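Here's the letter readout for the chains.
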Amino acid sequence: MSSFRTPSRTPFRTPFRKRAGAALASLPLLAGGLVALATTAAAPAAAVDNGLARTPQMGFNNWNSTHCRAEFNEAMVKGIADTFVSQGLKDAGYTYVNLDDCWAQPNRDASGNLVPDPVRFPHGIKAVADYVHSKGLKFGLYSSAGTKTCDVQGFPGGLGHERQDADLWASWGVDYLKYDNCNNNGVDAEQRYKAMGDALVAATRSTGRPILYSICEWGSNQPWTWAPAVGNSWRTTGDISDSWSSMISIAHQNQSLAPYAGPGAWNDPDMLEVGNGGMTDTEYRTHFSLWSQMAAPLLIGSDLRSASASTLAILKNTDVIAVDQDPLGKQGTVVSNSGGLVVMSKPLADGGRSVTLTNENTSTKTVSTTVKDIGIGGASSYALKDLWSKATSTTTNAISASVPAHGTVMFRVTPGSPVPPPTGLNQLSDLPWTSAVGGWGPVERDRSNGERAAGDGRTLTIGGTAYAKGLGTHAPSDISYYLGGACSSLGVDVGVDDESTNGGSVRFQVWRDETLVADSGVRTAADPPRHLSADLKGGSKLRLVVTDGGDGINYDHADWADAKLACGAGPSAGTHDLSDLTWSSATNGWGPVERDRSNAEQAAGDGRVLTIGGTVYAKGLGTHAASSVSYYLGGSCSSLTTAVGVDDEVVSKGSVVFQVWRDGALVADSGRMTSADAARALSVDLAGALEVRLVVTDAGDGVDYDHADWAGPRLVCA
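In this text the structure is predicted, and so the values were computed from the model without any measurement. (Residues numbered from 1 in each chain as written. Predicted model: local features only at pLDDT ≥ 70, side-chain atom pairs only at ≥ 80, totals over all residues. Heavy atoms only, no water.)

Participant: Which parts of the structure should I look at to understand the overall build of the protein chain?
Facilitator: Scanning the protein chain from terminus to terminus reveals eleven helices and 42 strands. Seen along its three principal axes, the alpha-carbon backbone of the protein chain occupies a region of about 115 × 45 × 40 Å. Split into buried and exposed, the 718 residues of the protein chain put 55% on the buried side. Residue pairs at least 24 apart in sequence account for 74% of intrachain contacts in the protein chain once pairs closer than 6 positions are excluded. As displayed, the protein chain offers around 25900 Å² of accessible surface, 52% of which is attributable to carbon and sulfur atoms. Seen as two clouds, the 57 positive and the 74 negative side-chain charges of the protein chain have centres 6 Å apart. (Helix = DSSP H or I, 4+ residues; strand = E, 2+ residues; numbered from the N terminus. Buried < 20%, exposed > 50% of the residue type's maximum accessible area, 1.4 Å probe, protein only. Contact = heavy atoms within 4.5 Å. Areas by Shrake-Rupley, 256 points an atom, 1.4 Å probe, with all protein chains shown as cover. Lys, Arg positive; Asp, Glu negative; His and termini not counted. Charge placed at Lys NZ, Arg CZ, Asp CG, Glu CD.)

Participant: Got a minute to help me understand the state of the cysteines in this structure?
Facilitator: In protein structure, a disulfide is the covalent linkage between the sulfur atoms of two cysteines. Counted under the stated rule, the structure contains four disulfides. Note that Cys68 is cross-linked by a disulfide to Cys102, the S-S spacing being 1.8 Å. Measuring handedness by torsion sign, the sulfur bridge of Cys68 and Cys102 sits at about -130° and is left-handed. A residue pair is termed long-range when its members are at least 10 positions apart, and Cys68 in the loop between α2 (63-66) and α3 (74-86) and Cys102 in the loop between β2 (96-98) and α5 (124-134) qualify at 34 residues. You'll find Cys68 and Cys102 in the same group, each marked buried. Between the sulfur of Cys150 and that of Cys182 lies a disulfide, 2.0 Å long from S to S. One disulfide, between Cys150 and Cys182, carries an S-S torsion of 105° and so falls in the right-handed class. Residue Cys150 is located in the loop between β3 (138-144) and α6 (162-172), and its partner Cys182 is located in the loop between β4 (176-180) and α7 (189-207); the two are separated by 32 residues in the primary sequence. (Disulfide = S-S within 2.5 Å.)

Participant: Which parts of the structure should I look at to understand the packing of α6 against α7?
Facilitator: The description of two packed helices rests on the angle between their axes and on the distance between the axes. Where α6 meets α7, the axes come as close as 8 Å, and the angle between the chain directions of the two elements is 40°. With respect to each other, α6 and α7 are oriented oblique. Handedness of the crossing formed by α6 with α7: right-handed. Residues Glu162, Arg163, Ala166, Asp167, Trp169 and Ala170 of α6 pack against Ala195, Met196, Ala199, Leu200, Ala202, Ala203, Ser206 and Thr207 of α7. Grouping the amino acids of the contact of α6 with α7 by side-chain chemistry returns nine nonpolar, two polar and three charged. (Axes fitted to C-alpha atoms, helices over the stretch in contact; angles between N-to-C directions. Parallel < 35°, antiparallel > 145°, perpendicular 65-115°, else oblique. Left-handed = near helix turned anticlockwise from the far one by under 90°. Nonpolar A, V, L, I, M, F, W, Y, C, P; charged D, E, K, R; others polar.)

Participant: When you look at the packing of helix α8 (residues 244-255) against helix α9 (residues 281-293) in this model, what are you seeing that I'm missing?
Facilitator: Relative orientation of the contacting elements α8 and α9 amounts to 20°, with a least axis distance of 11 Å. One way to sum up the angle between α8 and α9 is to call them roughly parallel. In this structure, α8 crosses over α9, and the sense of that crossing is left-handed. Each of Trp244, Met247, Ile248, Ile250 and Ala251 in α8 lies in contact with α9, whose residues at this interface are Glu283, Thr286, His287, Leu290 and Trp291. When grouped by side-chain class, the residues that make up the contact of α8 with α9 number seven nonpolar, two polar and one charged.

Participant: It is not clear to me how α8 should be interpreted in this structure. Could you clarify?
Facilitator: For an α-helix the count is 3.6 residues per turn, leaving residues at separations of three or four pointing the same way. In a regular helix each residue adds 1.5 Å, so twelve residues correspond to 16 Å; α8 covers 16 Å between its end C-alpha atoms and thus fits that length. Among the twelve residues of α8, nine are classified as buried, and the element is accordingly described as predominantly covered. The inward-facing, buried residues of α8 abut β7 (266-268), α9, β9 (333-338) and β10 (341-347). (Expected span 1.5 Å × (residues − 1).)

Participant: Please explain the sheet that holds strand β16 (residues 408-415) as it appears in this structure.
Facilitator: Spatially, six strands are ordered β9-β10-β11-β16-β13-β14 in an open sheet, and the strand pairing comes out antiparallel. The two strands at the open ends of the sheet, each matched to only one other strand, are β9 and β14 (392-395). On average, adjacent strands in this sheet sit at an angle of 25° to one another, irrespective of strand direction. Taken together, the six bridges between strand β11 (residues 353-359) and β16 define a ladder with antiparallel strand orientation. Across the sheet, Ser354 pairs through a bridge with Arg412, a residue of β16. Contacts from α9 reach β10, β11 and β16, with the element oriented near 140° to β11. (Pairing = 2+ DSSP bridges.)

Participant: What exactly am I supposed to notice about the pattern of salt bridges here?
Facilitator: Any two side chains of opposite charge can pair if their charged atoms end up close together. According to the stated counting rule, one finds 26 salt bridges in the structure shown. Here Asp303 ties to Arg305 by a salt bridge, and the two come within 2.9 Å at their closest N and O atoms. Judged by its relative accessible area of 42%, Arg305 falls in the partly exposed class. One connected set of salt bridges, linked through shared partners, spans Arg235, Asp239 and Asp270. (Salt bridge = Lys/Arg side-chain N within 4 Å of Asp/Glu carboxyl O.)

Participant: Honestly, the pairing of strand β39 (residues 665-674) in this entry has me stumped. Any pointers?
Facilitator: Remark: a regular strand shows side chains that alternate across the two faces of the sheet. Sheet topology places strand β38 (residues 655-662) next to β39; seven bridges connect them, and they run antiparallel. Bridged to Val660 within β39 is Ala668. With antiparallel pairing between neighbouring strands as the criterion, β38 and β39 make up a hairpin whose turn holds two residues, including Asp663 at a positive phi of roughly 45°.

Participant: Even after reading the chapter, I still don't get the side chain of Glu217, so can you show me in this structure?
Facilitator: Mapped onto the fold, Glu217 is located in the loop between β5 (212-215) and β6 (233-235). Buried and without a salt bridge, Glu217 has Arg192 as its closest oppositely charged side chain, separated by 5.8 Å. Within the structure, the side chain of Glu217 is placed 3.1 Å from the backbone nitrogen of Ser220, a separation counted as a polar contact. Leaving out residues up to four positions away in the same chain, Glu217 has contacts with Asn181, Ala189, Tyr193, Pro223, Trp226 and Arg235. (Polar contact = N/O pair within 3.5 Å; in protein donor to acceptor, adjacent residues only side chain to side chain.)

Participant: What exactly am I supposed to notice about the packing of aromatic side chains here?
Facilitator: On inspection of all chains with the given rule, the structure shows nine aromatic pairs. Each ring, one from Trp103 and one from Trp172, has its centre 5.8 Å from the other, and the planes form 85°; the classification is edge-to-face. Separated by 69 residues along the polypeptide, Trp103 in the loop between β2 and α5 and Trp172 in helix α6 bring together distant segments of the chain. Accessibility expressed as a relative area gives 4% for Trp103, which makes it buried. Note on Trp172: relative accessible area 11%, which makes it buried. Ring centres of Phe658 and Trp710 lie 5.1 Å apart, and the angle between their planes is 90°; on these two criteria the pair is classed as edge-to-face. On the criterion of sequence distance, the pair formed by Phe658 in strand β38 and Trp710 in strand β42 (residues 707-717) is long-range, its members being 52 residues apart. (Phe/Tyr/Trp six-rings, centres within 6.5 Å; stacked < 30°, edge-to-face > 60°.)

Participant: Is there a simple way to think about the nonpolar core in this case?
Facilitator: As a rule of thumb, nonpolar side chains are buried together in soluble globular proteins. Core analysis: the largest hydrophobic core is formed by 99 residues, its most contacted members being Tyr94, Trp103, Phe288 and Trp291. With six residues, the top contributor of residues to this core is α7. Not counting the four nearest positions on each side in its chain, Trp103 is found in contact with Phe72, Leu114, Pro116, Asp117, Phe121, Ile125, Leu141, Tyr142, Trp169 and Trp172. Membership of the second largest hydrophobic core comes to 30 residues, among which are Leu431, Ala475, Tyr481 and Cys567. (Core = buried A, V, L, I, M, F, W, Y, C linked by side-chain atoms within 4.5 Å.)

Participant: Explain the sheet that holds strand β31 (residues 585-587) here, please?
Facilitator: One key point about sheets: their strands pair by backbone hydrogen bonds, in either a parallel or an antiparallel sense. Across the sheet, five strands lie side by side as β31-β36-β41-β38-β39; this open sheet has antiparallel pairing. Only two strands of the sheet have a single neighbouring strand rather than two, namely β31 and β39. Neighbour-to-neighbour, the strand axes of this sheet turn through a mean angle of 10°, independent of strand direction. Note: strand β36 (residues 627-632) against strand β41 (residues 691-698), six bridges, orientation antiparallel. Residue pairing across strands places Ser628 opposite Val695, the latter belonging to β41.

Participant: Is there a simple way to think about the environment of Ala526 in this case?
Facilitator: Mapped onto the elements of the fold, Ala526 is located in the loop between β26 (515-524) and β27 (530-535). A relative accessible area of 71% places Ala526 in the exposed class. When the C-alpha positions of Ala526 and Ile250 are compared, they lie 40 Å apart, and in sequence the two are 276 residues distant.

Below you can see the structure in the form of structure tokens.
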């Protein structure tokens, strides 16, 4: 069995593998061995537009189970196709039946064409492809972007024969090409792989047969930065082997590459080993779960003709497959990794999340996360489905499971009915989003996006202006909130965070349902903050989208700063005594803010009738400097009038300043007032204002007996 797992082509691959390992080793590692991409790396290229692999490809490849041994032949390939149908694998989504190395003769014919091995494939490759097609499946083949393939026997590679080989394969009915990296003579990888990509495009145009292009470059030259424009998937690592250590280390290397994956272009951490015997069923379930969570191609590598019931049960778990094949096309990302307990979250097209709780330790552990941490929110409860046990439950926030050694518990998390934001002027960073997808690392609340783990950013700062509240993101990103028609407007400052010292340009967009309602234009690290206002009336959904500004630099730390969402109606039409209305917030220097009483500093209601300079006021607010009382207006009020002064209960001390703020702008100021001053009248225009804030400051004398009255304040609303 040991020779069964040692591919005969390993000696040819060794020097290339060393270079691949060095390339990955040169990248910094996070806890648990995750590859941390350099922030100066190029942004991902646009995905190739050939209409293929809109979700990750699924199928079979013989290499992991047969290598180049004699049992790899026509009968086996036809038997696999038969098994796809008879065992329900075709119905589960597996489509491609692919041949790996050793299918050809060692030499091309006199015309330079590849020749199938007549012993292995006595009827030729086209006959095998036709048989596979007759089953409603697709057929794949293998070559290498070098003079020879990777097996020690040295079968012909495609270097210098790209168009000839592509035309030949198309004539045989080939639907899939796996293109390896051996014996490449040191020719630039991008050049070699693009040459075959161009040849496949030309062959498709001439024959009408599209061919999925799987680039097997092992991650040696960071193919995730250039391969999306060339092929449909690209290997990110060296070869997998049938062991826990190999599988989990490859998962670690692939996890940090999520931003590069998407419909038509996928990170490929190599084929599945499920069923080959080197791991336990628990470990194989982890293998299958992580590959699906990472939106990886699912290519079965075991001989399905003799697969056990447990192997088939893993490979045919349609709930897990649905995560891999989710049409949103997002690769899951690590949201926490500590002590061998790893949580990944994958956004799904229905607005939910897939969550994997993996225990990499050798004993059972409890692995936990929360709804908030996995990037969703806004609902009163969430449905949980365990995709392996099929058990269902609900949660309001906590997600936790006892996970066996080397095991993974996988949940599909589906939000219940969303809850609209509360009435008032809400800081967006205080509200639960329904979905948040960041470009690098998680979207941060009240911090910039530091790209790695949650909380690694700093104070939001744009053009030297610091903000206490907001959202820190990285292009591209997409954050959604449920509005339920309850909100009217959004005001926000946007810009590239000052931590983007290496450049970066972004574009901020605000969407109400499917309508673009605000666009910042391209903003760079040199630009000051720009204020955006968006009309959200009647909208059910708010989306905050950041796209790359087109410069190809991925150091785009993008801030939504001081984002305020106005929801619900303000006070009803008419004239209101302010003390009869509900404030949205109130802070006070001593004791509570009092309604229709002075502030006696201790318990609520311990003051007396509001009195300034001998004049008694039946209505008003009793405060103590420093204080701040805010009311939500919702744009429905026109003016505020009030008298202000130090209450007569202060005989010889106290000095204050009264201020009225409208939506963050100072609109009235009493100047310094003491207990010796008569009441002063303030009047302010509030037309269109979302919020009014009544502020009292200590005038700076250090005396703390500042009993400050807002006497007879009246609000006029339309």
